[in-house]
Amino acid sequence: MMSKISADIMVKYWRAKEAFKSFLEEERGDSHIIAVILVLVVVVGLAVIFKDSIADLLDSLWDKITGVTDNFDPPKKGES
């Protein structure tokens, strides 16, 4: 009885060890993570470099949007 339990424990230990070893050796996901991090670094870097230009662009777009809506006079109820 003890030898069967011991053997069962050893088999489970070996399977867990092999699964952990294969998990550590798996490298396919690492290159994707590095690529995503590099893209994020480039985007953040460009945003920092062009921060003033981006702010000016958004301000001018916001002024155009609010300028159009300020001049908008919706028809009153009952008018066609």
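What you are looking at is a predicted structure, and each value in this text was computed from that prediction instead of being measured. (Residues numbered from 1 in each chain as written. Predicted model: local features only at pLDDT ≥ 70, side-chain atom pairs only at ≥ 80, totals over all residues. Heavy atoms only, no water.)

A.B. asks: Any details on the overall build of the protein chain? Residues and values, ideally.
C.D. replies: Check the secondary structure of the protein chain and you find 3 helices and 0 strands. Its helices and strands in sequence order give the protein chain the pattern α-α-α, from N to C terminus. Considering the protein chain as a whole, with its 80 residues, one finds that 0% of them fall into the buried category. Total accessible area on the protein chain is roughly 8,000 Å²; 68% of this is exposed by carbon and sulfur atoms. (Helix = DSSP H or I, 4+ residues; strand = E, 2+ residues; numbered from the N terminus. Buried < 20%, exposed > 50% of the residue type's maximum accessible area, 1.4 Å probe, protein only. Areas by Shrake-Rupley, 256 points an atom, 1.4 Å probe, with all protein chains shown as cover.)

A.B. asks: How would you sum up a nonpolar patch on the surface? Please name residues and give values.
C.D. replies: Together, V42, L46, I49, F50, I54, L57, L58 and L61 make up a nonpolar patch on the protein surface, roughly 750 Å² of accessible area in all. Secondary-structure elements contributing two or more residues to the nonpolar patch are α2 (28-49) and α3 (51-70). The dominant element in the nonpolar patch, judged by the number of residues it contributes, is α3, at 4 residues. By the element assignment, L61 lies in helix α3. A relative accessible area of 40% places L61 in the partly exposed class. (Patch = residues over 30% accessible without salt bridge, like charges linked within 9 Å, V, L, I, M, F, W, Y side chains within 5 Å. Salt bridge = Lys/Arg side-chain N within 4 Å of Asp/Glu carboxyl O.)

A.B. asks: Summarise a negative patch on the surface; cite the residues concerned and give the values.
C.D. replies: On the surface, D52, D56, D59 and D63 cluster together into a patch of negative charge. Here D52 lies in helix α3. (Lys, Arg positive; Asp, Glu negative; His and termini not counted. Charge placed at Lys NZ, Arg CZ, Asp CG, Glu CD.)

A.B. asks: Which residues make up the pattern of salt bridges, and what are the values?
C.D. replies: Counted under the stated rule, the structure contains 1 salt bridge. Note that K12 is salt-bridged to D8, the shortest N-O span being 3.6 Å. Remark: D8 and K12 occur in helix α1 (residues 2-25); sequence separation between them is 4 residues, near one turn of the helix. Exposure remark for K12: the relative accessible area of 54% places this residue in the exposed category.

A.B. asks: Quick rundown of the confidence of the model for the protein chain? Include the residues and the values.
C.D. replies: Interpreting fine coordinate detail is not advised for predicted regions of low pLDDT. With 89% of its residues at a pLDDT of 70 or more, the protein chain shows a mean pLDDT of 82. Mean pLDDT values for the elements of the protein chain range from 80 in α1 up to 88 in α3. (pLDDT = per-residue confidence, 0-100.)

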